[in-house]
Amino acid sequence: MRRNERTILKSEGGGQEYLTFTLGKEEYAMDILKVQEIRGYDSVTHIANSPNYMKGVINLRGVIVPIIDLRIKFNLEQVAYDEFTVVIIINILDRIIGMVVDGVSDVVTLPPEQIKPAPEFGSSTHADYITGIGTVNRQMLILVDIDHLIGSEEMQLVEMADVKLDLAA
Amino acid sequence: MDVDLSQFYQLFFEESAEHLAEMERILLAIDPADPDKEDLNAVFRSAHSIKGGAGTFGFPDMTVVTHTLETLLDQIRRGERALTGEMVNLFLQGGDAISMQLAGHRDGLQVDRQFIRGICEKLEAISGNPLVSDQEQSSDDSLSAEQNGGNTFSPSTYRIIFTPPPNLYTRMVRMEPVFDELATVGKLILTGNITPQGEFSVYDPTRCRAIWEMTLTTDRTPNEIADVFMFVADEEEISIEQLPPGSLNGGNEATAAGGTIKGGRSFDNNEITPGGYGRRGSDTAEASSIRVGVVKVDQLINQMGELVITQAMLAQSARQLDQVQFENLHRALSHLERNTRDLQESVMSMRMVPISFIFSRFQRLVHDLANSLGKVVELKLVGESTELDKGLIEKLADPLTHLVRNCVDHGLESPETRITAGKSPGGAITLKASQQGGRVLVEVSDDGAGLNRVRILAKAARNGLTVSDAMSDEEVWRLIFSPGFSTADQVTDISGRGVGMDVVQKNVTAMGGRVTLASTQGKGSRVLISLPLTLAILDGLAVRVGSETFIVPLNSVIESLQPLSEELNEVSRGECTVYVRGEYIPLIHLGDLFRIVGAVRRPENAIVMLIDAEGEQLALLVDELLGQHQVVIKSLETNYRKVAGAAGATILGDGRVALILDAVEIVRLWRKEPPHEQTSPKNGG
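Thresholds applied
- Residues numbered from 1 in each chain as written.
- Chains lettered and ligands numbered in written order.
- Predicted model: local features only at pLDDT ≥ 70, side-chain atom pairs only at ≥ 80, totals over all residues.
- Heavy atoms only, no water.
- Helix = DSSP H or I, 4+ residues; strand = E, 2+ residues; numbered from the N terminus.
- Buried < 20%, exposed > 50% of the residue type's maximum accessible area, 1.4 Å probe, protein only.
- Contact = heavy atoms within 4.5 Å.
- Areas by Shrake-Rupley, 256 points an atom, 1.4 Å probe, with all protein chains shown as cover.
- Salt bridge = Lys/Arg side-chain N within 4 Å of Asp/Glu carboxyl O.
- Pairing = 2+ DSSP bridges.
- Buried area = accessible area lost by both parts, 1.4 Å probe.
- Polar contact = N/O pair within 3.5 Å; in protein donor to acceptor, adjacent residues only side chain to side chain.
- Nonpolar A, V, L, I, M, F, W, Y, C, P; charged D, E, K, R; others polar.
- Expected span 1.5 Å × (residues − 1).
- Axes fitted to C-alpha atoms, helices over the stretch in contact; angles between N-to-C directions.
- Parallel < 35°, antiparallel > 145°, perpendicular 65-115°, else oblique.
- Left-handed = near helix turned anticlockwise from the far one by under 90°.
- Core = buried A, V, L, I, M, F, W, Y, C linked by side-chain atoms within 4.5 Å.

Considerations on the overall build of chain A
Then, number 1: Broken down by element type, chain A carries 4 helices and 11 strands.
Then, number 2: A buried classification covers 47% of the 169 residues belonging to chain A.
Then, number 3: Nonlocal contacts in chain A, meaning residues at least 24 apart in sequence, comprise 54% of its contacts between residues at least 6 apart.
Then, number 4: For chain A, the exposed area adds up to about 9,000 Å²; of that, 50% sits on carbon and sulfur atoms.

Here is the structure:
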């Protein structure tokens, strides 16, 4: 029933559905259509000489999937791996990638009028990937452009054409 | 009952492409002075099959070209005209024209009508009278030939009823040739029943309303009769029944004249030779194969990989169970293992294609290039039956084309130069494939002038590359692979190789292959491409370093040993060699290279694994050997990126991911990295 209401809302108000997740104390939201599944954190196979937030790769039903820890990427202080640690498996840019977050909270619908432009964060590195700030029940949600974040050169997840040449040289 | 033909287009395109390839292959091999009759027939059949298909599927432009081809071919195979080299060239160009049209219909590519018309005109000029074929039998004659009684010795009489779909004519199908053909195989009585529908004013002449009823007395089988209809009718539209002997006079005769409707066809009589239609080649070799989409095969291979992993998991869990108590289970599992391996082999073989698949196309390329450059070139193919993964074969086509083109263009000298140099005027290019262990070697060699060391060095210097005269030949040849060497004007400049050699190298590397080049001044040059047999599976040795497991491809492992301390020599800080049978071999700490915490530090307490990296011997230090496995190679690039030192990854029996190491990459990685200081030995062992 809720599902139906939401669908109607979406078609009438043009609102989009977001999956909200927590990183430290902050509440983030991403486009739910990019989410493939949510699973617990398993042991990973480490990849040498990769950035610290790149945890390694896992076997997801026969597919090798890289796992990145957004908490490390976003410079959070406390990074623990326990039975509550959650991995959001996302499907973007024709790739499947796992993101470690502190927890997954809810699915919300945000009509455009509830989204405000992101304020200037100054020099913070991840400000580029924030598309706006949403408010649900007076709680602030940071909207993340996940394609932009994962696809960015800085992330080193997607191979740039010249990286390969560099290796071959 | 309109049939949507578009669903069959793809099939038609594929088949036509195959027929064209077949035509070309034969034409290139044919000796104009003494053509083999069977070859001519085969070419004719290919052209004819394309024509039939094109007619059925409504591509009249293709029908026209194939028809002109066929007319001349027919004259030649009947011995009415002698084959000449010029004709062979024309036929080849005709094949090109059809390919172009085919591509036009399939991919919407531009078709050069001028070129096509030019070829048709040339063909027609030779065949003299292109519009009327000599052996034509007047169709009206045979149609109206009412013959009573099956009184000849022919064994059976059939009643054939053909109920065509109303769109028969708009599909460009003509019935006369079919009837002609039937008339030639026996005694034919033809009745056309036309059922008028509606007012004459609304009568649509383009719709076929006729039902043809035929009585045929022949010694052919019903299947052979059905074959005559293969280009015009679906199976369900034809009914063939055998009549009891003597029943022929039963009053089925009707006037055949006027039984056929000739109006409403959208292309004219000139386009089809009567009698040519509906005939079909007798070879049925293709009946034993079946066409399956690559996607389906790939899916099967993926699922096979999953099965192998599941089987390994099962085996691992069962190992903890008591051998005696669970004897049946263990026996069944060992059966499962064997069956899985057999199945895997069969599945993998489905992707394997003989390399002749691409080798064969070079005959044409060399033929054309040599002609245009005024050179005499013989292409030798060796080891064409070597099998290689289909995915690799396709990717290999471009680099090989590049190399062969280079050979003809720059490698081989002109006949005059060759004679001056004391060689035979005709140059030779050899394409050779062979399998060596888990790799396939493809060699492109020529007996031309070879590379010019001095000029390459000069060119490289001008391009700003660091060179010196002291460089070895191999180092000089390697310069060619640098991107700076790849534009056309530079090539004429150095008059050597270098057209896109960097591209060749890049493509081959992307396939997990390697390129090496050898050259002797005045004697020729040789490019060797070494490729993995398949991209999907590998025999590997599982090793443990710290808590990580790696797979080392078995074909790069020479031996493993536990070194004694006196065999180990520290060369410099952190650098170490191991002395094996009179040789000092550099030792690579895998644990250091991959920054693994907890790896064994002291080589005496670990295992040294000798590996072969492109002819170079190196020693890898690992903690433990875990065993030999056949692993399914999974790409890291699919979702992540290339990992330095790794050829890919695989999934182990416990479901974990392990990296597959690449010996050459490991060495490269190790050379690039200064041996970094380890603060303190983490595990003294």
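This is not the end of the story, as more comes after the structure.
Quick look at the pattern of salt bridges
Residue and element names in this part refer to chain B.
Then, number 1: This structure, assessed with the given rule, holds 19 salt bridges over all chains.
Then, number 2: Residue Glu413 pairs with Lys423 through a salt bridge whose shortest N-O separation is 2.9 Å. A residue pair is termed long-range when its members are at least 10 positions apart, and Glu413 in the loop between helix H12 (390-411) and helix H13 (415-420) and Lys423 in the loop between H13 and strand E8 (427-436) qualify at 10 residues.
Then, number 3: What emerges from the salt-bridge pattern is a single network uniting Glu24, Asp96, Arg364 and Asp368.

Some details on the sheet that holds strand E2 (residues 26-31) of chain A
Then, number 1: Taken in spatial order, the 6 strands of this open sheet run E8-E1-E2-E11-E10-E9 (chain A), and their pairing is mixed. For this open sheet the edge positions go to strand E8 (103-110) and strand E9 (115-116) of chain A, each flanked by a neighbour on one side alone.

Quick notes on the interface of chain B and chain A
Put simply, an interface is often sized by how much accessible area is lost when its parts join up.
Then, number 1: Taken together, the 28 residues of chain B in the interface contact 29 residues of chain A.
Then, number 2: Approximately 2,400 Å² of surface area, both sides summed, lies buried where chain B meets chain A, with 54% of it carried by carbon and sulfur atoms.
Then, number 3: If you look at where chain B meets chain A, you find 0 salt bridges.
Then, number 4: Our count for the chain B to chain A interface comes out at 6 residue pairs in polar contact (both at pLDDT 80 or more).
Then, number 5: Elements that contribute at least two residues to the side of chain B that touches chain A include exactly strand E21 (646-651), strand E22 (657-661) and helix H19 (663-672) of chain B.
Then, number 6: For the side of chain B that touches chain A, the per-class residue count stands at 11 nonpolar, 5 polar and 12 charged.

Observations regarding helix H2 (residues 37-57) of chain B
All names here are of chain B.
Then, number 1: The end-to-end C-alpha distance of H2, which contains 21 residues, comes to 30 Å, matching closely the 30 Å that a straight helix rising 1.5 Å per residue would cover.
Then, number 2: Taking burial as the measure, the 21 residues of H2 include 17 buried ones, the bulk of the element.
Then, number 3: Looking at the residues trailing H2, positive phi occurs at Gly58, about 80 degrees.

A few points about the pairing of strand E4 (residues 54-60) of chain A
Then, number 1: In terms of burial, E4 of chain A is a largely internal element, 7 of the 7 residues being buried.
Then, number 2: In this structure, the hairpin formed by E4 of chain A and strand E5 (residues 63-69) of chain A is closed by a connection of 2 residues, where Arg61 of chain A is found at a positive phi of approximately 45 degrees.

Some points on the packing of H2 of chain B against helix H3 (residues 60-77) of chain B
Residues and elements named next belong to chain B.
Then, number 1: Running from amino to carboxyl end, H2 crosses H3 at an angle of 155 degrees, the nearest separation of the two axes being 9 Å. With respect to H3, the axis of H2 lies roughly antiparallel. Judged by the sense of rotation from one axis to the other, the crossing of H2 with H3 is left-handed. In this structure, H2 uses Lys37, Leu40, Asn41, Val43, Phe44, Ala47, His48, Ile50, Lys51, Ala54 and Gly55 to contact H3, whose residues at the interface are Met62, Thr63, Thr66, His67, Glu70, Leu73, Asp74, Ile76 and Arg77.

A look at the nonpolar core
Then, number 1: Formed by 66 residues in total, the largest nonpolar core has its most connected members in Phe21, Ile90, Met99 and Ile146 of chain A together with Leu590 and Phe594 of chain B.
Then, number 2: In terms of residue count, the dominant contributor to this core is H19 of chain B (6 residues).
Then, number 3: Setting aside chain neighbours within four positions, we find Leu590 of chain B in contact with Val545, Ile596, Leu620, Leu621, Val622, Leu661 and Ile666 of chain B.
Then, number 4: In terms of nonpolar packing, the next biggest core, distinct from the first, is built from 50 residues, Met352, Leu379, Leu403 and Leu531 of chain B among them.

A word on the packing of helix H4 (residues 85-107) of chain B against helix H5 (residues 113-127) of chain B
Residues and elements named next belong to chain B.
Then, number 1: With their axes 10 Å apart at the nearest point, H4 and H5 run at an angle of 145 degrees to one another. When the axes of H4 and H5 are compared, the crossing they make is left-handed. For the pair formed by H4 and H5, the contact residues are Glu86, Met87, Leu90, Phe91, Gln93, Gly94, Asp96, Ala97, Met100 and Gln101 on the first element and Phe115, Ile116, Ile119, Lys122, Leu123 and Ile126 on the second.
Then, number 2: Grouping the amino acids of the contact of H4 with H5 by side-chain chemistry returns 10 nonpolar, 3 polar and 3 charged.

Keep in mind these numbers describe shape, not what the thing actually does.
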